[in-house]
Amino acid sequence: MPGKKNLRWLLLLVRLPATHTAERVSIWRKLRRSGAIQIQTSTYVLPDQPARYETFQWLTQHIRHAGGDATLVRAREIEGLPNERLIELFNSGRAKEYALLQDAIRSFADRRRKRSTFENKLHRFRKQFREIKQTDFFNSPKAQGVEMLLRKLEGAQSPSKPQRNMEPKDFRSRTWLTRPRPEIDRVGSAWLIRRFIDPKAKFVFASKRPPNRRVVTFDMLDGDFSHVRDNCTFETLLGRFGINDNVARKIGEMIHDADLVDDKFQRSECIGIDRVLKGWVKEGVSDQEILRRGFECFDALYAFFQR
């Protein structure tokens, strides 16, 4: 997504058919599913991206075939609505959807359930989450909390027996993928990977797993390495790769408390780093630059505790 100043917008000016109530409702639902925000009675907005343009083109044809009218316009700016305000409106819409899903997940997690029911419900929750993510054009902060809840739910159903340890030599010179806008667990896990598992690791960012099987995913939904039971991803990597470094273990405790906010280890050292990382995200620092700076933080923390 371009920076806030370079954003462009698609405006769909709509006149729905006066009759045919069923068609009007169908069009309204399609507009809602597209992730568009309504800025006036008959004006809908999406970011100017190829996939969004196709969506509005298809809706334009559908509206005209239904007896209405629609005009698709590209704009650099919208009078009275600066880019910052438009982004707020998009994030506000997604935040409401994430909040509803979050409430449903919490309610389900609090009840007893059979394994078959659990797996079916978890599949539905994942599907709903992915659908919201598809129209979360500006990375609403609310997504993080929902994804954490889903990972906890997955971990709660994970087998209690220990999983087979991985060999670092089998993971050399790989591409490691995680979610964009990295914070404490993702940055810490990437540092651990580079230092103890794959010294030549290449890190990339995306919201879902690519078809390439050589790519290793971490700290994301359905990832190869993620939260398991009450462990954060950093702790999962420590355990799966049999990393017995005492300082790395201490850092894992710090990351756990900063990421999960459960005071399990009563460690506060990484809370400050977490806030710095979040600050860089808000400033618009690139994902790769956040990793670079974060690695320096963890290198210094590791050196301090080695003394």
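All values derive from a computational prediction rather than experimental measurement.

About the thresholds
- Residues numbered from 1 in each chain as written.
- Predicted model: local features only at pLDDT ≥ 70, side-chain atom pairs only at ≥ 80, totals over all residues.
- Heavy atoms only, no water.
- Pairing = 2+ DSSP bridges.
- Helix = DSSP H or I, 4+ residues; strand = E, 2+ residues; numbered from the N terminus.
- Axes fitted to C-alpha atoms, helices over the stretch in contact; angles between N-to-C directions.
- Contact = heavy atoms within 4.5 Å.
- Expected span 1.5 Å × (residues − 1).
- Buried < 20%, exposed > 50% of the residue type's maximum accessible area, 1.4 Å probe, protein only.
- Arc of directions from axis to C-beta.
- Parallel < 35°, antiparallel > 145°, perpendicular 65-115°, else oblique.
- Nonpolar A, V, L, I, M, F, W, Y, C, P; charged D, E, K, R; others polar.

*Asks:* Can you walk me through the sheet that holds strand β2 (residues 37-40) in this structure?
*Replies:* Backbone-to-backbone hydrogen bonds pair the strands of a sheet. The strands run either parallel or antiparallel. Pairing is antiparallel in the open sheet, where four strands are placed in the order β2-β3-β1-β4. Only two strands of the sheet have a single partner each, and these edge strands are β2 and β4 (69-75). Going from strand to strand, the sheet's axes swing by 30° on average, the running direction of each strand aside. Across the sheet, helix α3 (residues 83-109) lies against β1 (9-15), β2 and β3 (43-47), angled at about 130° from β2, the strand it touches most.

*Asks:* I'm lost on helix α10 (residues 287-306) in this one. Help?
*Replies:* Helical geometry note: an α-helix holds 3.6 residues per turn, so side chains three or four residues apart project in the same direction. The end-to-end C-alpha separation of α10 is 28 Å, in line with the 28 Å expected for 20 residues at 1.5 Å each. The complete set of buried residues in α10 reads D287, I290, L291, G294, F295, F298, L301, Y302 and F305. With its buried residues spanning 135° around the axis, α10 presents them on a single face. As for α10, its buried residues are in contact with α6 (184-197), β6 (202-205), α8 (246-260) and α9 (271-283).

*Asks:* What am I meant to see in the environment of Q144 here?
*Replies:* Relative to the elements of secondary structure, Q144 occurs in helix α5 (residues 142-156). Between the C-alpha atom of Q144 and that of Y98, which follows or precedes it by 46 residues, the distance is 9.5 Å.

*Asks:* I'm lost on the packing of α6 against helix α7 (residues 233-240) in this one. Help?
*Replies:* To describe two helices that pack against each other, one gives the angle between their axes and the distance between the axes. It is the contact of α6 with α7, at a shortest axis distance of 8 Å, that shows an interaxial angle of 25°. Overall, the two elements α6 and α7 adopt an arrangement that is roughly parallel. Touching D185, G188, S189, W191, L192, I193 and I197 of α6 are T233, F234, L237 and L238, all from α7. Grouping the amino acids of the contact of α6 with α7 by side-chain chemistry returns seven nonpolar, three polar and one charged.

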